[in-house]
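Chain by chain, the residues run as shown.
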Amino acid sequence: MSDLAPKPLIPVPRGPVPEAPPPRKRAMVELTIDGQKVSVPEGSTILDAARQLGIDTPTLCFLETLAPVNVCRVCVVELEGSRVLVPACSRKAEPGMSIKTDSERVRLSRRMVLEFLASSVDVSTAPQFPGYAKRYGADPERFGSKAETVAQPPKIDNDLYVRDYSKCILCYKCVEACGVDAQNTFAIAVAGRGFDAHISTEFDTPLTNSACVYCGNCIGVCPTGALMFKSEYDMRQAGTWNESRQTKTDTICPYCGVGCVLTVHEQDGSIVKITSPLDQSVTHGNLCIKGRFGYRFVEVEKPRKK
Amino acid sequence: MLWGSNARETHPIFFHHLLQGVRKGAKLYVIDPRRTTSAQWADAWLGLDVGTDISLANAMGREIIAAGLAHKRFIEHATSGFEEYKKHVEKYTLERAERETGVPAEAIRQTAHAYAKAERAELCWTLGITEHHNAVDNVVALINLALLTGHIGRYASGVNPLRGQNNVQGGGDMGAIPDRFPGFQHVENDEIRAKFEAAYGRKIDPQKGLHLSGMFEAMEHGELTCLYVLGENPVDSEADRNRAKRLMGGLEFMVVQDLFYTETAALADVVLPAAAGWCETEGTVTSSERRVQRVRVAVPPPPGVRDDIEIVYDLARRMGHEWGPPKAECIWDEVRSLSPMHGGMSYKRLEEMGGIQWPCYDESHPGEIFLHGRLWADPLIGPRAPFSCVEQEPPADRLDKDYPIRLTTGRRLDSYNTNVQSGKFSSPLRREETLDISPEDGTKYNVREGEKVRVSSRRGSVIAPVRFDPGLRPGLAFLTGHFHDQVATNDLTIDAVDPKSGTSEFKATAIRIEKHSAN
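All figures in this text were calculated on a predicted structure; none of them were measured in a lab. Position numbers for residues count from 1 along each chain, tracking the sequence in the order it is written. Here every chain gets a letter starting at A, and every ligand a number starting at 1, in the order they are written. With the structure being a predicted model, the display of local features is reserved for residues of pLDDT at least 70 and the display and counting of side-chain atom pairs for 80 or more, all residues being used for whole-chain, interface and lining totals.

Enquirer: Describe the overall build of chain B, naming the residues involved and giving the relevant values.
Expert: Where helices and strands are cited, they refer to DSSP runs of H or I of at least four residues and of E of at least two residues respectively, numbered from the N terminus. Within chain B, the regular secondary structure consists of 18 helices and 21 strands. Here the radius of gyration uses the C-alpha set of atoms, whereas the globule reference equals 2.2 Å times the residue count to the power 0.38. For 519 residues, the compact-globule estimate of 2.2 N^0.38 gives 24 Å, and chain B sits close to it at 24 Å. Overall, the C-alpha framework of chain B stretches about 70 × 65 × 45 Å when taken along its three principal axes. As a rule, residues whose C-beta atom has 12 or fewer other C-beta atoms within 10 Å are exposed, those with 20 or more are buried, and those in between are partly exposed; C-beta atoms are placed from the backbone. Every one of the 519 residues in chain B was classed for burial, and the buried ones make up 50%. Contacts are defined on C-beta atoms placed from the backbone: any two residues whose C-beta positions lie within 7 Å are in contact. Here the analysis covers contacts within chain B between residues at least 6 apart in sequence; of these, 67% occur between residues at least 24 apart.

Enquirer: Help me get a handle on the sheet that holds strand β10 (residues 246-252) of chain A, residues and values and all.
Expert: The strands making up a sheet are joined through hydrogen bonds of the backbone, oriented either antiparallel or parallel. Residue and element names in this part refer to chain A. If you trace the 3 strands from one edge of the open sheet to the other, you get β10-β11-β12, paired in antiparallel fashion. One side of each edge strand has no neighbouring strand; the edge strands of this open sheet are β10 and β12 (270-275). Direction aside, the axes of adjacent strands within the sheet are offset by 30° on average. The rule for pairing is simple: two strands pair if DSSP sees at least two bridges between them. A fitted line through C-alpha atoms represents every axis, and for helices the fit uses only the stretch in contact; the resulting angles, taken between N-to-C directions, go from 0 to 180 degrees.

Enquirer: Outline the environment of His16(B), supporting the account with residue identities and numerical values.
Expert: Tracing the backbone through its elements, the reader meets His16(B) in helix α2 (residues 12-23). Through-space distance from the C-alpha of His16(B) to that of His151(B) is 22 Å; in sequence the pair is 135 residues apart.

Enquirer: Describe in detail the interface of chain B and chain A, supporting the description with residues and values.
Expert: Contacts between the two partners involve 72 residues from chain B, matched on the other side by 60 residues from chain A. Elements that contribute at least two residues to the side of chain B that touches chain A include exactly α2, α10 (168-173), β8 (185-186), β11 (270-273) and β13 (291-295) of chain B. The element that contributes the greatest number of residues to the side of chain B that touches chain A is α2(B), accounting for 6 residues. Taken together, the residues of the side of chain B that touches chain A sort by class into 40 nonpolar, 20 polar and 12 charged. Classification convention: Asp, Glu, Lys, Arg as charged; Ala, Val, Leu, Ile, Met, Phe, Trp, Tyr, Cys, Pro as nonpolar; all other residues, Gly among them, as polar.

Enquirer: Please provide a residue-by-residue account of helix α14 (residues 241-249) of chain B, values included.
Expert: All names here are of chain B. Within α14, the full set of buried residues consists of Arg-241, Ala-244, Lys-245, Leu-247 and Met-248. Viewed along the axis of α14, the buried residues span an arc of 170°, placing them on a single side of the element. Away from its buried face, by an angle of more than 90 degrees, α14 presents the exposed residues Arg-246 and Gly-249. Contacts from the buried residues of α14 go to α12 (212-220), β9 (226-230), α13 (234-237) and β10 (253-258). Working definition: the arc comes from the directions between the helix axis and the C-beta atoms, pointing outward to the latter.

Enquirer: How would you explain the environment of Arg459(B) if you had to name every residue and give the values?
Expert: Residues and elements named next belong to chain B. Within the fold, Arg-459 resides in the loop between β18 (452-456) and β19 (461-468). When the 18 C-beta atoms within 10 Å are taken as the criterion, Arg-459 is described as partly exposed. With 36 residues separating them along the chain, Arg-459 and Asp-495 place their C-alpha atoms 9.9 Å apart.

Enquirer: Residues and numbers for unusual backbone geometry, please.
Expert: With an omega dihedral of 0°, the bond running from Trp358(B) to Pro359(B) counts as a cis peptide bond. Looking at the secondary structure, you find Pro359(B) in the loop between β14 (356-357) and β15 (385-386). A cis amide bond, omega 5°, links Asp378(B) with the succeeding residue Pro379(B). Tracing the chain through its elements places Pro379(B) in the loop between β14 and β15. Positive phi, close to 55°, is recorded for Asp204(A), a residue that is not glycine. For Asp204(A), the position within the fold is in the loop between β8 (198-201) and α5 (217-221).

Enquirer: Quick rundown of the sheet that holds strand β1 (residues 28-33) of chain A? Include the residues and the values.
Expert: Residue and element names in this part refer to chain A. The 5 strands are arranged β2-β1-β5-β3-β4 in an open sheet whose pairing can be described as mixed. Pairing within the sheet leaves two strands with one partner each, and these edge strands are β2 (36-41) and β4 (86-87). Alignment of strand β3 (residues 76-79) against β4, held across 2 bridges, turns out to be antiparallel. When the bridges of β4 are listed, Val-76 appears paired with Pro-87. Relative to β3, helix α2 (residues 104-120) is tilted by about 155°, and along the sheet it contacts β3 and β5 (98-100).

Enquirer: Got a sec to walk through the nonpolar core? Specific residues and values, please.
Expert: Buried together is how nonpolar side chains tend to be arranged in soluble globular proteins. Remark: nonpolar core denotes a set of buried Ala, Val, Leu, Ile, Met, Phe, Trp, Tyr and Cys residues whose joining runs through C-beta atoms within 7 Å. Among the nonpolar cores identified, the biggest contains 166 residues, and Cys174(A), Trp3(B), Leu56(B), Leu123(B) and Leu142(B) are the most heavily contacted of them. With 10 residues, the single largest contributor to this core is helix α9 (residues 135-149) of chain B. Apart from the residues lying within four places of it in its own chain, the contact partners of Leu56(B) are Ile31(B), Leu48(B), Ala97(B), Thr101(B), Val103(B) and Ile108(B). Among the nonpolar cores identified, the runner-up in size contains 22 residues, and Val447(B), Val453(B), Ala510(B) and Ile511(B) belong to it.

Enquirer: Describe the domain arrangement of chain A, naming the residues involved and giving the relevant values.
Expert: How far each domain reaches was decided by an automatic or database domain assignment. Partitioning chain A into domains gives domain 1 (27-149), domain 2 (163-241) and domain 3 (242-301). Taken together, the 16 residues of domain 1 of chain A in the interface contact 16 residues of domain 2 of chain A.

Structural data, given as structure tokens:
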């Protein structure tokens, strides 16, 4: 600034405190879940209503930041008057609904879903799975060793991501995060039909030839570890990945001015991966390649040369 | 409206929010010489010639007035200088603008109408507007449009310079500009200075200091002989790099405090190794939306490396000043006590609220989600917002038959500035520096993709491989500033400086390309 610049206002005049327009008023919908009455705003799902009552509903393909796609069916509930079970994550609450979330029929269905998934897919790095399996008594072994699986070698074609589709339950979250729900890059989609359905780049080209921009937002939403940071994958392979020795600290990305919150995962004094909180208004859990992977500069040359 | 911004690559998470709007039916207009990845999402791309922004903005202003789309009530209520502005832009007809900018008159007309008629409109810009020798004129030309249409001071309507670095906003807010104390309080205002003098118990120089470009001038004249550089790499980042290197090399004494042994550090007499502010120290940064947010220690710094604050406090101690514990929160509380707009931002509140947008005057104040709401208050609070009359002026580095190609510069998605930080991770997207030109120019100059050419400006010359980019029009070329080891872009750029902001014209260099004999 120089003499040519307009003289600043001192003190800056204070105006009214600005406000966002109030959210649209929504009518309340009353329904019954497991015999308890609950009232939720119009547009809420059965899952929202159940959570309001503190009823823990299992979910795999659902995420707050993504549009529901209804593919895993682990959240199904019994709706009075409905021939089939309905997915709680996407079915909107309607006045007078009567719902059971823990009936024999629901429990059986959830158990079968978990067994089918775990018999065909490697769920060893899916953090939610053991809890769900125990809760519903799922026994994937009962289909025997001949059960068909999606076992295949992991795809390692770059230094940032590993894609291990032997761990993929086809929840579509990565496709959604790469597509209209966040990144709008469309590097991946579902290819094939039936048991051969799988997540793929166009023409199954390596990631390095695809439209991928390495934001890592697909990894951020993957519920099974099929998509994994290479740093985490390598440490797991070497047997050094140890979450009990890790800390998580929220800070701000060192790159552009958007102010994305980074959750730094630290183990033994080093950064081992970066995520972002889903409930953060700037990022909604999403980052770009620099935020997600650009931290390496504090790790190389430790101790940094003078 | 994105004007001189490629946010898709330079502010990717902001662009997520923008795309959410586009998905819900918002119109996107991108004004940029290059058809960028941002422009690919636009309802209309206005591919103007580099440095013709004022012509375009003035013509849009004229069209808005002529079509009766100006917001008369707002103009009368809250602005000044409208009649002069109206007279001033009269000569900027659509036809003239088409001739000067290269954008079809009809596209200018449609964009002006869409902007003026929109219920809510944001006008965002980045360095395409500000890295010019008439940067401030460019900015006020855009502000005129907001004043003309009342797209300011309302929810989701405003002007918004997208900040390129995580704390460039905070740096300015904290007084890291030559004429301000923290909170934009003017150094040359006696009352303000008296407040700071009372707090610090000493006299403060009533003269404002120098900005970066002014410092280089002072070095040239031998008036500045000693420099303390914190976290900057001007040897690589300054326009006309050879001059910058010569001047810094000629200093009597230079201290560089940095994470890395940069090109600038290599010239220093003393290098002080510093911790990474975002993950090895406590403190705050301020984002592009004026949101002050906490940074925290997530990992320990390497041995022998210290927090900037500790280093500065130790230096003060050697100079005979005891400043107390070198703690970020203590310094922040000092800021709060002296800068009214930060007054209500205790660390406790910053934690609880996940950051607060300034101004936040006291601990009951929620922060402000947009500025300038006062302009709509009835009666008006504070002074009127002035229209400014600015003229189109071509870039300082003129095109002629010896230098017929316009070179502009920018960032790539996976890289950042001189690549000191972003160069350290293995990005699958990274490719070597190329001189991007249009395929038509490839034919015209008889060069192949991948062929190395000599690129020369009036200041220097570099060798770079050619890449064809169909997003560039004939006569336009592009380089980044990321790969100075390979192609020293700033050997070419001009240090024509905007006298008001001190910014160099990185965006407009006149070059020629020639076959390189080593091929």
